[in-house]
Amino acid sequence: MDLINPSPVVHERRATRQRERVTNARGRELIDNIEVYEHVRDIKDPEHPYSLEQLNVVSEAAIDVDDEQGSVRVTFTPTVEHCSMATLIGLCIRVKLLRVLPTRFKARLGRVDIVLAPGSHDSEAAVNKQLGDKERVAAALENPNLLEMVNACIAGAAPA
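Just so it is clear, the model here is predicted, and its values are computed rather than measured.

Chemist: Just checking my understanding: could you explain empty space enclosed by the protein for this structure?
Modeler: To find leftover empty space, a probe the size of one water molecule is rolled over the atoms. One pass over the full model with this rule turns up one cavity of 30 Å³ or more. For the largest cavity, the calculated volume is near 60 Å³. Taken together, ten residues make up the lining of the largest cavity; nearest its centre are Asp45, Glu47, Thr79, Cys83 and Ile89. By residue class, the composition of the lining of the largest cavity is five nonpolar, three polar and two charged.

Chemist: For this particular structure, what's the right way to read the packing of helix H2 (residues 86–100) against helix H3 (residues 124–132)?
Modeler: Each pair of packed helices can be summarised by the angle the axes make with each other and by the distance between the axes. Between H2 and H3, the shortest axis-to-axis distance is 10 Å and the interhelical angle comes to 30°. Looking at the two axes, H2 sits roughly parallel to H3. Between H2 and H3 lies a crossing of right-handed hand. Counting all contacts with H2, which are made through Ala86, Thr87, Gly90, Leu91 and Arg94, the residues of H3 involved are Val127, Gln130, Leu131 and Gly132. Considering only residue class, the contact of H2 with H3 consists of four nonpolar, four polar and one charged.

Chemist: What is the right way to look at the nonpolar core in this model?
Modeler: Across soluble globular proteins, you tend to see nonpolar side chains buried next to one another. Within the largest apolar cluster, 36 residues are counted, with the highest numbers of intra-cluster contacts made by Phe76, Ile93 and Leu97. Of all the secondary structure elements, the ones that give two or more residues to this core are helix H1 (33–40), strand S2 (71–76), H2, strand S3 (112–116), H3, helix H4 (134–141) and helix H5 (144–155). With eight residues, the top contributor of residues to this core is H2. Beyond its immediate chain neighbours, meaning those up to four positions away, Phe76 contacts Val57, Val58, Ala86, Ile89, Gly90, Ile93, Ile114, Val115, Leu116, Ala117, Ser120 and Leu131.

Chemist: Looking at this structure, how should I read H1?
Modeler: It helps to recall that an α-helix has 3.6 residues per turn; residues three or four apart then point in one direction. Considered for burial, the residues of H1 that qualify are Ile34, Glu35, Val36, Tyr37 and Val40. Here the buried face of H1 lies against strand S1 (63–66), S2 and H2. Its side-chain oxygen at 3.2 Å from the backbone nitrogen of Ile34, Asp32 defines the N-terminal cap of H1.

Chemist: What should I look at first to understand the packing of H2 against H5 in this one?
Modeler: Contact geometry of H2 with H5 gives a least axis separation of 9 Å together with a crossing angle of 70°. Overall, the two elements H2 and H5 adopt an arrangement that is roughly perpendicular. Note that H2 runs across H5; the crossing there is right-handed. Contact residues: H2 offers Leu88, Leu91, Cys92, Val95, Lys96 and Arg99, while H5 offers Leu146, Leu147, Met149, Val150, Asn151, Cys153 and Ile154. Classifying every residue of the contact of H2 with H5 gives ten nonpolar, one polar and two charged.

Chemist: Looking at this model, I keep getting lost on the environment of Val112. Mind explaining?
Modeler: You can see Val112 is positioned in strand S3. For Val112, a relative accessible area of 4% puts it in the buried group. As for Val112 and Val74, which are separated by 38 residues in sequence, their C-alpha atoms are 8.0 Å apart.

Chemist: I'm lost on the sheet that holds S1 in this one. Help?
Modeler: Sheets are built from strands that pair by backbone hydrogen bonding, the pairs being arranged parallel or antiparallel. Strand order in the open sheet formed by three strands is S1-S2-S3, and the pairing between neighbours is mixed. The open sheet terminates on both sides in strands that have one partner only, identified here as S1 and S3. The sheet shows a mean angle of 10° between the axes of neighbouring strands, direction not considered. Direction of pairing for S1 relative to S2: antiparallel, over a ladder of four bridges. Looking at S2, one finds that Ile63 is bridged to Val74. Sitting on the sheet, H1 is in contact with S1 and S2, with an inclination near 125° to S1.

How each quantity is defined
- Residues numbered from 1 in each chain as written.
- Predicted model: local features only at pLDDT ≥ 70, side-chain atom pairs only at ≥ 80, totals over all residues.
- Heavy atoms only, no water.
- 1 Å grid on protein atoms, 1.4 Å probe; cavity = no way out; pocket = protein on both sides within 12 Å on 5 of 7 lines; lining within 4 Å.
- Points joined across faces, edges and corners; volume = space filled by probe spheres on them.
- Nonpolar A, V, L, I, M, F, W, Y, C, P; charged D, E, K, R; others polar.
- Axes fitted to C-alpha atoms, helices over the stretch in contact; angles between N-to-C directions.
- Helix = DSSP H or I, 4+ residues; strand = E, 2+ residues; numbered from the N terminus.
- Parallel < 35°, antiparallel > 145°, perpendicular 65-115°, else oblique.
- Left-handed = near helix turned anticlockwise from the far one by under 90°.
- Contact = heavy atoms within 4.5 Å.
- Core = buried A, V, L, I, M, F, W, Y, C linked by side-chain atoms within 4.5 Å.
- Buried < 20%, exposed > 50% of the residue type's maximum accessible area, 1.4 Å probe, protein only.
- Polar contact = N/O pair within 3.5 Å; in protein donor to acceptor, adjacent residues only side chain to side chain.
- Pairing = 2+ DSSP bridges.

This is the structure we're talking about:
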């Protein structure tokens with residue numbers, strides 16, 4: 001199999017940042033970009049044995065969280081502009097967050113947005129449309145082979 005990016009730049013894994021637990025007036029712990037980043041940083045790239053953090057696909061700075069509104073936006077950057085795995089990577093990020101975030105982030109349509117960084121991909125609009133379409137995401141996850149790949153990436157294992 002030919003690799004899309006045979007020689008990606010691999011960055012060192014950063015130390016886990018200790019975050020201060022902050023609660024709102026009702027005593028509910030608030031979710032911030034650091035916590036979201038901790039959930040997605042170790043997702044494995046579908047093509048390489050490296051994490052999304054090591055490939056600089058995700059970063060704390062590219063995650064926006066509004067806890068009171070129950071919304072998260074993760075902007076990710078593929079390693080190459082023609083990456084055919086961009087939709088799969090975005091799907092892995094979405095599934096991971098839907099599995100770990102509290103209900104308030106999943107209660108309304110579009111509260112978890114996964115998008116490509118502007119100008120980072122040749123098919124940016126098409127990929128963003130796929131990742132933002134609830135029905136397309138659900139249909140993709142009904143495919144057992146695709147779901148197996150997503151689960152392997154989320155678990156941190158190299159996909160088969």
